[in-house]
Amino acid sequence: GSGVQGISAARHARERGFTVDLTLVDVSARAQRFVAANLLLNGLEGKFVHGDLFDVEEARAGSYDLVLANPPFWPAEGDTLFQFGGSDGERVTRQIVRGALPRL
């Protein structure tokens, strides 16, 4: 919800002279405010995409060098993606790996 994984990696890369093109995706619309604040506080620019992993056009269209995630891992069933990781805690992680591979 705060973009911390991507923002930390982007800062690290930028400090080492790399060009950074940052896209941050979150299922929570409210996360956009936190991401915007964190980008500002860290002196970075980035694009926030509200949506579910790679199901939004902006995320599907991209080609990426790196995909980072901080998915829910709590083993529990439920309808709220950001809260429950499925019966084994890895439901969202599997979705991320499947979606990321063709984009790398």
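Residues numbered from 1 in each chain as written. Predicted model: local features only at pLDDT ≥ 70, side-chain atom pairs only at ≥ 80, totals over all residues. Heavy atoms only, no water.

Asks: How should I be thinking about the pattern of salt bridges in this particular structure?
Replies: Any two side chains of opposite charge can pair, so long as their charged atoms come close to each other. Scanning the model with the defined rule gives two salt bridges in all. With a shortest N-O distance of 3.7 Å, Arg16 and Glu15 are connected by a salt bridge. The partly exposed category is assigned to Arg16, whose relative accessible area is 49%. Linked by salt bridges that have partners in common, Arg11, Glu15 and Arg16 make up one network. (Salt bridge = Lys/Arg side-chain N within 4 Å of Asp/Glu carboxyl O. Buried < 20%, exposed > 50% of the residue type's maximum accessible area, 1.4 Å probe, protein only.)

Asks: Please explain the layout of surface pockets as it appears in this structure.
Replies: Taking a probe equal in size to a water molecule and rolling it over the atoms shows the remaining empty space. A volume near 1300 Å³ is recorded for the largest pocket. The wall of the largest pocket is formed by 43 residues, among which Gly6, Thr23, Leu24, Val25 and Leu68 lie closest to the centre. Within the residue set of the lining of the largest pocket, elements represented by two or more residues are α1 (4-15), β1 (23-26), α2 (31-41) and α4 (91-100). With six residues, the top contributor of residues to the lining of the largest pocket is α1. (1 Å grid on protein atoms, 1.4 Å probe; cavity = no way out; pocket = protein on both sides within 12 Å on 5 of 7 lines; lining within 4 Å. Points joined across faces, edges and corners; volume = space filled by probe spheres on them. Helix = DSSP H or I, 4+ residues; strand = E, 2+ residues; numbered from the N terminus.)

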